[in-house]
Amino acid sequence: MTDTSKGIDWLVETLRRDQSPDGSWNYPFETGLSTDAYMIILLRTLEINDEELIKDLSKRILSRQERDGSWKLFYDQREGDLTATAESYYALLYSGYYDKKDKRLQTAKKFILSKGGIEEVNMFTKVMMAITGQLKWPSFSPLPIEIILLPLSFPINFYSFSVYGRANLTPMMILADKKLSIKTDRSPDLSDLRAGRENSESWIRSEEMRSLFSFIEEGVKNLLGLPQQLHKLAIQRAKKYMLDHIEEDGTFYSYYSSTFLMIFALISLGFKKSDPVIMKAIDGIKSMRCAIDGLPHMQYTTANVWNTSLIGYALQEAGISPEDPMVGAANHYLLKRQHTKFGDWVIHNPTSLPGGWGFSNINTINPDVDDTTASLRSISRMGAGNQDTWSRGINWLLSMQNDDGGWAAFEKNTDTKLFEFLPIEKAEFILTDPSCADITGRTLEFFGNYTNLAKDHQSIKKGVKWLFDHQEHDGSWYGRWGICYIYGTWGAVTGLAAVGVPESDESIQKAIEWLRGIQNRDGGWGESCYSDSRQTYVPLGESTLTHTAWALDSLISVLDKPTPAIRKGISYLLENLQKEDWTTAYPKGQGMAGAFYIHYHSYRYIFPLLALAHYRKKFEK
């Protein structure tokens with residue numbers, strides 16, 4: 001008989017040691033080097049000479065360079081990433097601590113030119129390079145700012161973008177309109193990184209997209225007012241949108257990228273570099289720094305609420321009492337962070353009151369479904385005193401179900417396909433917020449295991465149907481916010497099991513067979529980041545603690561006895577809990593396929609604890 005107690009005890013004590021005084025867990029939310037590079041470029045462009053930070057960020061960037069001069073997004077990426085390499089090269093030069101004669105920068109330059117030069121970097125990076133004088137803005141805006149004035153009844157309008165899309169596109173549209181370009185005495189010259197064919201109109205590449213622009217322009221012409229007046233009104237509306245969505249710490253939506261862009265958008269509108277709004281925004285993104293291996297990393301946002309809700313839930317699943325000071329402090333932290341303000345979500349969901357939770361510790365207006373179910377799981381055992389908190393959370397969750405029956409992350413019904421025609425790489429990730437298997441499954445799991453909602457409740461029936469309709473042919477489900485098919489399958493299977501779908505169901509059987517079929521010889525599971533961009537499961541070739549825990553938890557939730565696959569998986573976890581290598585640092589989350597990956601430092605503790613706890617509860621009686 002497998003004894004999980006030792007492993008569970010080690011995980012619990014590790015989490016106890018790592019808890020912050022305020023009851024949260026602030027494990028790093030690590031997203032590659034882009035934010036580190038952008039911080040150097042931001043500080044140098046605004047002539048804020050925070051030398052210690054610039055020097056240490058440069059060291060961190062250099063420490064991640066590959067032998068061929070490139071920088072990668074994930075360990076098994078066969079070739080380096082052009083965008084990441086161009087950003088790193090630019091930041092190192094702008095830091096002033098390295099010059100073009102440095103051999104490491106020379107190999108980076110060679111790599112960049114071999115991949116087509118800086119004209120081929122992604123759109124976010126083109127915008128950053130245009131702001132800082134390294135690339136030309138297109139002669140006309142890739143997206144006319146007047147779109148912000150179009151009514152909700154128009155097929156494309158400002159609120160048909162996802163909230164993440166609005167946060168980033170609002171300052172981008174201002175910047176493209178104003179064509180801001182700031183160079184300083186320290187600006188490096190990146191003209192030698194062009195492959196000799198810079199054409200600002202290369203931002204615009206398809207006839208369908210030009211047709212879409214004409215469609216948007218027709219909508220704008222139907223607005224009442226003269227073109228110049230409308231343009232001025234659109235700029236004012238965009239500026240007001242940014243200023244109205246600044247969090248208490250000064251950041252715009254608590255995201256690094258949108259805050260970075262907002263700072264420059266405000267400068268383009270006449271704000272001085274020293275304006276209090278800009279200074280506070282800089283302090284806000286500086287406050288999101290963390291330390292990894294003794295060097296600073298600028299987090300894209302903080303993950304305190306997400307970490308704390310998942311850890312509080314996992315600890316209680318492992319038998320730690322809600323009265324334990326560690327769990328009590330975590331739950332009191334979560335109670336204080338339930339949202340009371342209306343956010344943009346109300347545009348598509350006008351009949352609900354606030355009641356969700358957000359991702360970061362300073363997020364007050366951008367709740368999401370995943371954080372809400374996770375927080376409610378953690379506080380579920382606290383007793384009757386929190387009935388109002390509980391009811392508001394449940395009501396908000398139910399109100400957020402999409403018309404198609406699934407649940408998305410942030411908003412309802414923001415999944416238009418028209419964005420496929422826009423000149424924005426990864427538009428489906430940036431501009432849409434579709435129903436997805438991971439969040440739909442986790443929401444069903446919450447309703448099934450933590451509420452008295454009837455299994456034949458309309459919301460549950462619609463959610464189950466959505467999952468059945470979106471299962472892949474091989475038996476897996478695609479997970480939008482994790483890597484990737486193992487994550488989606490975990491969400492879907494545990495959700496379906498919680499609302500009464502039996503093991504004998506064909507859909508569950510296909511998922512079980514798929515998971516068994518991809519188990520590694522050592523008993524674990526592992527999946528490559530390539531899965532998301534290739535849109536099919538790609539094995540990692542090695543096992544990871546987190547993928548193994550997701551696969552195991554899926555099997556444990558539907559099988560009535562510990563099969564050989566489960567036993568081997570549990571053995572893998574117990575033997576490798578304290579492992580430290582590239583597999584423990586490998587990204588397990590994604591924000592944007594092929595461009596933005598997340599290493600949650602908390603996952604290697606949370607999900608093994610959950611799988612071991614569920615195994616013990618079910619099979620070690």
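Anyway, here's the lowdown on the structure attached to this text. (Residues numbered from 1 in each chain as written. Predicted model: local features only at pLDDT ≥ 70, side-chain atom pairs only at ≥ 80, totals over all residues. Heavy atoms only, no water.)

**Digging into the overall build of the protein chain**
Scanning the protein chain for helices and strands turns up 24 helices and seven strands. For 621 residues, the compact-globule estimate of 2.2 N^0.38 gives 25 Å, and the C-alpha radius of gyration of the protein chain, at 24 Å, lies within 12% of that figure. Dimensions of the protein chain along its principal axes, counting C-alpha atoms only, are 70 × 60 × 45 Å. Across the 621 residues that make up the protein chain, the buried fraction comes to 64%. About 23,800 Å² of surface is accessible on the protein chain, with carbon and sulfur atoms providing 50% of the total. (Helix = DSSP H or I, 4+ residues; strand = E, 2+ residues; numbered from the N terminus. Rg over C-alpha atoms; globule rule 2.2 N^0.38 Å. Buried < 20%, exposed > 50% of the residue type's maximum accessible area, 1.4 Å probe, protein only. Areas by Shrake-Rupley, 256 points an atom, 1.4 Å probe, with all protein chains shown as cover.)

**A few points about the pattern of salt bridges**
Evaluation of the coordinates by the stated rule reveals 25 salt bridges. Between Lys617 and Glu317 there is a salt bridge, with the nearest N and O atoms lying 3.4 Å from each other. One end of the pair, Lys617, is in helix 24 (residues 603-619); the other, Glu317, is in helix 12 (residues 304-317), with 300 residues separating them in the sequence. The class of Lys617 is partly exposed, set by a relative accessible area of 46%. One connected set of salt bridges, linked through shared partners, spans Glu30, Asp36, Arg60 and Arg64. (Salt bridge = Lys/Arg side-chain N within 4 Å of Asp/Glu carboxyl O.)

**A few points about helix 11 (residues 276-286)**
Each full turn of the α-helix corresponds to 3.6 residues, which orients residues three or four apart in the same direction. Along helix 11, the residues that are buried comprise Ile278, Ala281, Ile282, Gly284 and Ile285. Projected onto a plane normal to the axis of helix 11, the buried residues spread over an arc of 160° and lie on a single side. For helix 11, the elements touching its buried residues are helix 2 (34-45), helix 10 (256-268), strand 2 (289-292) and strand 3 (295-298). Near the N-terminus of helix 11, the side chain that reaches the backbone nitrogen of Val277, with its oxygen 2.9 Å away, is that of Asp275. (Arc of directions from axis to C-beta. Contact = heavy atoms within 4.5 Å. Polar contact = N/O pair within 3.5 Å; in protein donor to acceptor, adjacent residues only side chain to side chain.)

**Remarks on the nonpolar core**
The biggest cluster of nonpolar side chains holds 200 residues, and the ones touching the most others in it are Phe264 and Leu315. Among the elements that line this core, the one with the most residues is helix 24, at eleven residues. Apart from the residues lying within four places of it in its own chain, the contact partners of Phe264 are Leu42, Thr45, Leu46, Ile131, Leu175, Leu180 and Ile182. (Core = buried A, V, L, I, M, F, W, Y, C linked by side-chain atoms within 4.5 Å.)

**Focus: unusual backbone geometry**
The amide bond that connects Ile483 to the next residue, Cys484, takes the cis arrangement and shows omega of -15°. Mapped onto the fold, Cys484 is located in the loop between helix 18 (458-469) and helix 19 (485-498). Of note in this structure, Glu47 is not a glycine but carries a positive phi near 55°. Of note, Glu47 is situated in the loop between helix 2 and helix 3 (51-63). Non-glycine residue Asp293 carries a positive phi angle of around 55°. Structurally, Asp293 is set in the loop between strand 2 and strand 3.

**Some points on the packing of aromatic side chains**
Centre distance and the angle of the planes are the two values used to describe a pair of aromatic rings. Under the defined criterion, the tally for this structure stands at 43 aromatic pairs. With 6.5 Å between their ring centres and 40° between their planes, Tyr164 and Tyr300 make a pair best called tilted. Here the residue Tyr164 occupies a position in helix 7 (residues 163-178), and Tyr300 occupies one in the loop between strand 3 and helix 12, the gap between them amounting to 136 residues. An identical accessibility class is assigned to Tyr164 and Tyr300; each is buried. Each ring, one from Phe260 and one from Phe264, has its centre 5.2 Å from the other, and the planes form 65°; the classification is edge-to-face. Taken as a pair, Phe260 and Phe264 lie in helix 10 at a separation of four residues, close to a single helical turn. Neither Phe260 nor Phe264 differs from the other in exposure class; each is buried. (Phe/Tyr/Trp six-rings, centres within 6.5 Å; stacked < 30°, edge-to-face > 60°.)

**Comments concerning the side chain of Thr125**
Along the chain, Thr125 turns up in helix 6 (residues 123-131). Residue class for Thr125 comes out buried when judged on its relative accessible area of 0%. One polar contact links Thr125 to Glu87, side chain to side chain, over a distance of 2.6 Å. Discounting chain neighbours no more than four positions away, the residues touching Thr125 are Tyr38, Thr83 and Glu87.

**Re the environment of Thr364**
With respect to the helices and strands, Thr364 occurs in the loop between helix 13 (325-335) and helix 14 (369-379). Contact partners of Thr364, with chain neighbours within four places excluded, come to Glu247, His339 and Lys341.

**Section: the environment of Pro325**
Its location among the elements puts Pro325 in helix 13. Taking C-alpha positions, Pro325 is 9.1 Å from Gly23, a pair spaced 302 residues apart along the chain.

**What about the pairing of strand 7 (residues 596-600)?**
Note on strand geometry: in a regular strand, side chains alternate between the two faces of the sheet. The buried count for strand 7 comes to five of five residues, which makes it a mostly enclosed element. Pairing geometry for strand 1 (residues 29-30) and strand 7, over two bridges, is antiparallel. Pairing of Glu30 across the sheet is with His599, part of strand 7. (Pairing = 2+ DSSP bridges.)

**Here we look at the side chain of Glu411**
For Glu411, the position within the fold is in the loop between helix 15 (387-399) and helix 16 (427-430). In terms of polar contacts, Glu411 uses its side chain to reach the side chain of Arg166, at 2.5 Å. Every residue in contact with Glu411, bar those within four places of it in the chain, is listed here: Phe161, Ser162, Val163, Arg166, Asp344, Trp345, His348, Met400, Asn402 and Asp433.

**Thoughts on the pairing of strand 3**
Where burial is concerned, the two faces of strand 3 agree: the one with Leu295 and His297 and the one with Pro296 and Met298 are both buried. Alignment of strand 2 against strand 3, held across four bridges, turns out to be antiparallel. Counterpart to Cys290 in the pairing with strand 3 is His297. In textbook terms, the turn of a hairpin is the stretch between consecutive antiparallel strands, and for strand 2 and strand 3 this stretch comprises two residues, one of which, Asp293, has a positive phi near 55°.

**Things to note about helix 19**
Over its 14 residues, helix 19 runs 20 Å from end to end, which matches the ideal 20 Å to within 8%, given 1.5 Å per residue. Within helix 19, 13 of the 14 residues are buried, leaving the element largely enclosed by the surrounding structure. Residue Gly500 follows helix 19 closely and has a positive phi angle near 95°. (Expected span 1.5 Å × (residues − 1).)

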